[in-house]
Structures are given as C-alpha cells and as structure tokens.
Amino acid sequence: MMNPKNLSILFLLGLVFLNCQPHVTKIKEEVPKKVVVYQVFTRLFGNTNTTNKPWGTKEENGVGKYNDFSDKALSELNDLGVTHIWYTGVPHHALVGDYTKYGISMDDPDVVKGRAGSPYAVKDYYNVDPDMAVDPSKRLDEFQALINRTHKHNMKVIIDIVPNHVARSYHSITKPELDFGAEDDTTIVFDVDNNFYYIPQSHFEVPDPLNGYMPLGGDKAEMLDGKFDEHPAKWTGNGSRSAKPHFYDWYETVKINYGIDPSGKSHFLKLPDGADTLDYKNHYAYWKDKKVPSSWIKFRDIALFWLDRGVDGFRYDMAEMVPVEFWSFMNSSIKMKNPNAFLMAEVYQPKLYRDYINKGKMDYLYDKVALYDTLKHIMQGHGDVRNITSVVEATSDIEHHMLHFLENHDEQRIASPEFAGNAKKGVPAMIVSATLGTSPTMIYFGQEVGEPGNENAGFGNHSRTSIFDYIGVPHHQRWMNNGKFDGGQLSLEEKSLRNFYNKLLNFTINSTALMGQYEDLTRFNDAMGNPYVKSLFIHARWSNEENLLILSNFSEKELLNVKIHIPLSIVKNWEIEDHQVVLKDHLGHEITSTITVESQDAFFIVDIPALDGLILSVE
C-alpha cells in the first residue's frame, strides 16, 4: 500500500500539472457562407483606351496593368459582395510582342491566336504575363503586390491552371530546369514519363486558314511566314495526332501526356475501391509512395509554387480531358498544404461530375450543361421555368459543388443580341442562380453593368468580350471612370443594374438561409392552378435564423396580385400564424403583404415586377 505522504505528494503534483496546462478557449465554429467569385479578364480590366481598332496593337488599343487594381478598385469589388477574385489570364502565355530585352523569346504569330494571345496557351507557368506589368522585369513582383492588395481587402485570389495543354513555344525562363519536355525521348510517340506525345520524323505544319482568316488581320510581322519550326511535331492540344492540324484544332497548343498511351491504356495505378468515400488526407497518403508520371509532378509543383506566393486557389481549364487519378494526386497535395484552397473546374459531362468531385477532390464544377443552359433557354424566351426543378433534382446530392454562373469568358454576354439582347433579362435568372443552392455564385466583369461584348476586336467574335485581342470594354470603362472606379460615366440604367447586383450579392453572402434548407414551390403552385408558373419560378430557403420566399419573374410583364401558395408543412416548420407574418423584400422593393393560413391552404398575394424578382423574408 502506498504511503499516505506519497499520495499527498502525487495529488499536489497533479494540481501543478493541471495548472500548467495551456488555457484552451473553445473557438466558435464559423457559420458557412455563400461565396461570390468575380471573374475578371486581368488584361482588360484597367484599360481606359477607347480606340478599339480591329487587330490593334497594345500601343493603339491599350492594355490593363496589375497596378490598375488599385485599393479603390478592390474596395469597390469587395463592396459589391465579392469574396474571391479569379484573375484570368495571369500565367505568362504566348503573345505577339517584343520582350527580348527582358530575356523573353519572341512568339511566332503563326501559332498565336490574336495579338494578345490566348491565356490558355501558357508559355511559362513560373511567371506572369509581361503585358500587364509597368516594368516587365518586375512583373512577378507586381503580381505579388496585387495578391497582397487583394488579401488586404478581404478577398481571396484564384488563378488559372491549364493542365491539358501548353503553348507550342513553352519555355520557362524562370525555372528552365522544370520545363515540360526537357527530358522527353522525342524519337518515340509515347513514354509514360514524356510530357508530350510526338510524331517521329515529322515537321509541324501550320494549318490552312479558313473563312478568309489572316494572322494579325493581314498585317506584317516578324516571324510571320506561314511556318513554325517544330521537329518532331507534337500532338495538338485537343488531341489531334496530325503534324498538320485542322484550322479549328487547338493548333497553338500541344497536348500534355498524363501516362495514357495512344491506345487509351493507362500507365499508372488506379484509385482503390471506395476512394470516392475517402477524404483528401487518405488520397494524399495513397499516392505518397507511388510512382506517377512526370507531368503529374510538374503540375503539382506549379500549384505549390503559387500557393507559396499566396494564391488561394485555382480554376482548372478542361479538367475532364485529364484523368481523375491525376486530380486525386494534385488536389490532395494542394489541400495538404492549404486545406482551404478553392478548387473549381470545367467538367461538361454530367456522368463525370461525381467522380471528379469525390475521387478527383474538386471543390466546385461548372453547372453549365444543366442550370446555365436551362436559364439561357428561358431568358431567350423559349424555355419553361418548371424545367429548373428537374435540374435541381438531378444534382441534389452534389448541389454544393455545382458552381452557378450566367456569364464567363467562354460564353456570350447576356446583353448581346446573340444571347438575350437586354441585360435586364438576366435579373430574374441571376436571382435564381445566386439563391438556388449552397454553391458559389460567379459573375464576369462587366456583367454587373450590362456589357454586350459587341466590339470588332480582331480574332475574337461578337457577343463575347475578346480574350485574344487588345481591346477596351466600354460599359465597364464607364464604371471605371478613368481610374476613379466610381461609376461616374454610367447611364441611369447601368447604375440601376449594378445596384441590383450589389443588393443581391451582398444579401447572399450574409444569408444563413441560403446555406440551409431548400424546397421548390413552383411545382406546388402549378398543382394549385397558379397560371404564371411557366414564367415565375418560386422556391423557399430557410435556416434556424431566417426564412425566405424567393420569386423570379422571367416575363416582360409585371405580374399583379399573384396568389402564391405555401405548403402547410413549411407553415408548420416556420411556425407561421394567420395574418401575423409580414413579408419584407431584400432587393429594394416596397412590399406590403402577409401570409394567410387556412385549414387546407396558406398563401400570400403580391405584385412582382417585370424581369425582376423578390427575396422575401418572413419577419
């Protein structure tokens, strides 16, 4: 038996031990909030030049700079409700311009689209586009300063990674030892550790132009001779195996080899059964001791390089053209370094969605072929809002991962005649897009002021703001107001539209209901005989703190005295009593309405403006 004196000593030591433990404060768990991504085409944002000459040079048409994203500009974007900025076109891509005095090689106009070049023909992943630098020799420092400014204004930074292809002229002057193709065996078509696919004993040939196309609009330029020296020829970015690709192939780029041979056989390990149920830590552990193709490692190292510089996430171009096993390797590595990294990607095949989310560890995928296409059809006057319900049901298990948008650099501008011809037609669709799920909302710069994208830029086409040319963006420039960023040149209609986006986006990022429960009321009202349901989409969102009824009127006519029915299950859940509930709109409309509860029905009567909507809270 232990001596009582010793017991006393142990007790005292225990008290000392407890008192020496660090004080642990229970941290209140942060409530999830909606995310708003502002995609900006970085080269165009700050350009105040209004010349807009077709095929104009940067000296003629101007070009925006990293420094144009001033504190004032970033403050205005944050005030708009933006939480993340996707700086599109930042990695150094092939372009027609002379930066040889900075050690940068010239790019051949025969394999550059436009003068400014495609942002998706990346030439050096370890540096940034020199066009946007005040001092090209310090371009990386200038972009680093932009990252820091963006963070100062409480927003996250997203940049592009284009995993499927690189520029035909890819060469990193920043990290040449990490060049794609540096160690390739070019005498064979395929090797698992080759970065490219080759066509041995062949020379690349520039494709024959179609539809009267002339590089640079017919202007003369150094190196422009209809030839490009590449021997042996490589496979083209979209997978063309011809040494002379078609004009509509992605001929300015070359395809990256991820370890899949020409027959389609994979030369890497597959994910084990059940991988779709495991978290990123388990995926990281799985790959840690596995041999993977060289291209996998090079792209992982690119991502880690930018994370070290403060980038908060990436947008992946054409992710579905790259095997899901690579994404498991890549994204788990990123998440191990930054668990909060924001990862969004293009995947356009719904049958692949769940694999790229669950196995590939993507955070968000474009909701393009379902929600976007459905909303576009409705906005153009051909669709029926009841189809939205089917879209929601088809992705209900992954709705949080489906990023919503109405514009991006690939799509037509809402205000263009080729789309809707009127930016106002985007208002009800934007309400749906921003409030339908818990997933992020994305808008494209200029969307908030009704940019129509109708410039004759050169390589770029009408209806889309060109990503290939030096061009000004007129409506956006009026908001920019020569660098004042105060909307001083906007028309009353443009100011009204931007005010709508401001109200909507700020409401979404502060609403708990939009991260809570959802119920479609359109189908319910259709069954109750509501005559407006072809053009009026209705849904409910709620949390413990907030109850919302959201109505979007796609009709060009005001809907007067509309009787909206509410399921009694919601009435009970929300503890609504007859005539005691006032509805308040959060988009600035004066609404006087209360909910009436009867034994077999609950409803309210409201006026809904044309091409507009209401976000009604139960007060």
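Residues numbered from 1 in each chain as written. Predicted model: local features only at pLDDT ≥ 70, side-chain atom pairs only at ≥ 80, totals over all residues. Heavy atoms only, no water.

**Details of the packing of aromatic side chains**
What the rule picks out here adds up to 44 aromatic pairs. Aromatic side chains Tyr125 and Tyr170 sit 6.4 Å apart centroid to centroid with 40 degrees between the ring planes, which places their arrangement in the tilted category. Of this pair, Tyr125 sits in strand 4 (residues 122–128) while Tyr170 sits in the loop between strand 6 (165–167) and strand 7 (198–199); the two residues are 45 residues apart in sequence, bridging distant segments of the chain. In this structure, Tyr125 and Tyr170 share a single accessibility class: buried. Each ring, one from Trp296 and one from Phe329, has its centre 5.7 Å from the other, and the planes form 45 degrees; the classification is tilted. Taken together, the residues Trp296 in helix 7 (residues 294–308) and Phe329 in helix 8 (residues 324–337) connect sequence positions 33 residues apart. For Phe329, a relative accessible area of 6% gives the class buried. When the ring centre of Tyr286 is taken as reference, the NZ or CZ atom of Lys290 above it lies at 4.2 Å. Directly above the aromatic system of Phe445 lies the positively charged group of Arg413, at a separation of 5.5 Å from the ring centroid. (Phe/Tyr/Trp six-rings, centres within 6.5 Å; stacked < 30°, edge-to-face > 60°. Helix = DSSP H or I, 4+ residues; strand = E, 2+ residues; numbered from the N terminus. Buried < 20%, exposed > 50% of the residue type's maximum accessible area, 1.4 Å probe, protein only. Lys NZ or Arg CZ within 6 Å of the ring centre and 35° of its normal.)

**A look at the environment of Gln580**
Within the secondary structure, Gln580 sits in the loop between helix 16 (568–574) and strand 19 (583–585). With a relative accessible area of 55%, Gln580 lands in the exposed category.

**Some details on the pairing of strand 22 (residues 612–618)**
The buried count for strand 22 comes to seven of seven residues, which makes it a mostly enclosed element. Of the two faces of strand 22, both are covered, the one formed by Asp612, Leu614, Leu616 and Val618 as well as the one formed by Gly613, Ile615 and Ser617. Where strand 17 (residues 547–553) meets strand 22, six bridges bridge the pair, whose relative direction is antiparallel. Among the inter-strand pairings, Ile550 is bridged to a residue of strand 22, identified as Ile615. Of the strand pairs in this sheet, strand 19 and strand 22 are connected by three bridges, and their pairing is antiparallel. (Pairing = 2+ DSSP bridges.)

**Quick word on a negative patch on the surface**
On the surface, a cluster of negative charge is made up of Glu575, Glu577, Asp578 and Glu598. By the secondary structure assignment, Glu598 is in the loop between strand 20 (596–597) and strand 21 (602–608). (Patch = residues over 30% accessible without salt bridge, like charges linked within 9 Å, V, L, I, M, F, W, Y side chains within 5 Å. Areas by Shrake-Rupley, 256 points an atom, 1.4 Å probe, with all protein chains shown as cover. Salt bridge = Lys/Arg side-chain N within 4 Å of Asp/Glu carboxyl O. Lys, Arg positive; Asp, Glu negative; His and termini not counted. Charge placed at Lys NZ, Arg CZ, Asp CG, Glu CD.)

**Digging into the pairing of strand 10 (residues 313–316)**
By the alternation rule, side chains of strand 10 split into Gly313 and Arg315 and Phe314 and Tyr316, which are all buried. Sheet topology note: the strand 10/strand 11 (residues 342–345) ladder contains four bridges and is parallel. The residue of strand 11 that forms the bridge with Tyr316 is Ala345. Traced from strand 10 through helix 8 to strand 11, the parallel crossover comes out right-handed. (Right-handed = clockwise from strand over helix to strand, strands pointing away.)

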